[in-house]
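If you want the building blocks of each chain, they are given just below.
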Amino acid sequence: GDASTATYVYDPASDSWSQGGDMIAGVAAPGVTVSDGKIFSWGGCQDACGLADGQVYDPGTDTWSAVADYPEDTSWQACGEIGGSIYCAGGTAGDTTSTATYAYDVAGDAWSQVADLPIDLWGMGYTGADGLLPQLGLQASAQHSWTQADVAGRSSSNSFNVLTGALVGSQP
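1. Points about the side chain of Thr 74
With respect to the helices, strands and loops of the structure, Thr 74 is situated in the loop between β6 (63–67) and β7 (78–82). The exposure class of Thr 74 is buried, given its relative accessible area of 1%. A distance of 3.1 Å separates a polar side-chain atom of Thr 74 from the backbone nitrogen of Thr 92. Those residues in contact with Thr 74 that lie beyond four places of it in its chain are Gly 43, Gly 44, Gly 50, Leu 51, Gly 90, Gly 91, Thr 92 and Ala 93.

Quick look at the structure:
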């Protein structure tokens, strides 16, 4: 979809949505996760895909503010909070896909590179859970073939493993 600055907040008690504070810069397809009750967003698409901009939303103040930019231009990457750090992996910028994985120190507002994914992934479903960054996603090779792959990363061992994989289609 088109890049947007709009933020919408869901209230389960009233089963209703309300508009929150606008993002600093509108994006589509950023890597997003929650840490310490705040929503973090990096990269994404505006006129083209592949940005590095970092933003954080504080629901207590209903405001967005800038955080350290992502180490590379990307979009559609997986991000999840594990053990107090945020891990982001994969992504795409234009015709380039990525295996890069980075850890974000929330308190220090700084990124460091960690073990790369074993395959390039983008547009995947993801979460941070039980010390893992599990991802169900699509692998895109240079020939634009698409492969389903389940990957799990463990922060304590700084590693990623392919769990399963199956060819699901091809893009011309």
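2. With respect to the sheet that holds strand β11 (residues 101–105)
If you trace the 4 strands from one edge of the open sheet to the other, you get β7-β8-β11-β12, paired in antiparallel fashion. Edge strands, defined here as strands with exactly one partner in the open sheet, are β7 and β12 (110–114). Here the average twist between neighbouring strands, direction ignored, is 25°. Relative to β11, strand β8 (residues 85–89) runs antiparallel, the two being bridged by 5 bridges. Among the inter-strand pairings, Ile 86 is bridged to a residue of β11, identified as Tyr 104.

3. Focus: the confidence of the model for the protein
Averaged over the protein, the pLDDT score is 80; the fraction of residues at 70 or greater is 73%. Ranking the helices and strands of the protein by mean pLDDT puts β6 first, with 98, and strand β16 (residues 159–170) last, with 42. Under a pLDDT of 50 for its full length, residues 141–150 has, in the predicted model, 42 contacts with residues more than four places off or in other chains. In the predicted structure, residues 160–172 sits below a pLDDT of 50 and forms 42 contacts with residues beyond four places in sequence or in another chain.

4. Some words on the state of the cysteines
The full count for this structure, using the stated rule, is 2 disulfides. The disulfide bridge from Cys 45 ends at Cys 49, spanning 2.0 Å between sulfur atoms. Judged by the sign of its S-S torsion, about 95°, the bond between Cys 45 and Cys 49 is right-handed. Judged by its relative accessible area of 32%, Cys 49 falls in the partly exposed class. Covalent S-S linkage joins Cys 79 and Cys 88, the inter-sulfur distance amounting to 2.1 Å. On the S-S bond that ties Cys 79 to Cys 88, the torsion sits near 115°, and the link is right-handed. Exposure class is identical for Cys 79 and Cys 88. Each is buried. Here the cysteine-cysteine linkages of the protein are recorded as 1-2, 3-4, numbering only bonded cysteines and doing so in sequence order.

Thresholds, definitions, all that
- Residues numbered from 1 in each chain as written.
- Predicted model: local features only at pLDDT ≥ 70, side-chain atom pairs only at ≥ 80, totals over all residues.
- Heavy atoms only, no water.
- Helix = DSSP H or I, 4+ residues; strand = E, 2+ residues; numbered from the N terminus.
- Buried < 20%, exposed > 50% of the residue type's maximum accessible area, 1.4 Å probe, protein only.
- Polar contact = N/O pair within 3.5 Å; in protein donor to acceptor, adjacent residues only side chain to side chain.
- Contact = heavy atoms within 4.5 Å.
- Pairing = 2+ DSSP bridges.
- Axes fitted to C-alpha atoms, helices over the stretch in contact; angles between N-to-C directions.
- pLDDT = per-residue confidence, 0-100.
- Disulfide = S-S within 2.5 Å.

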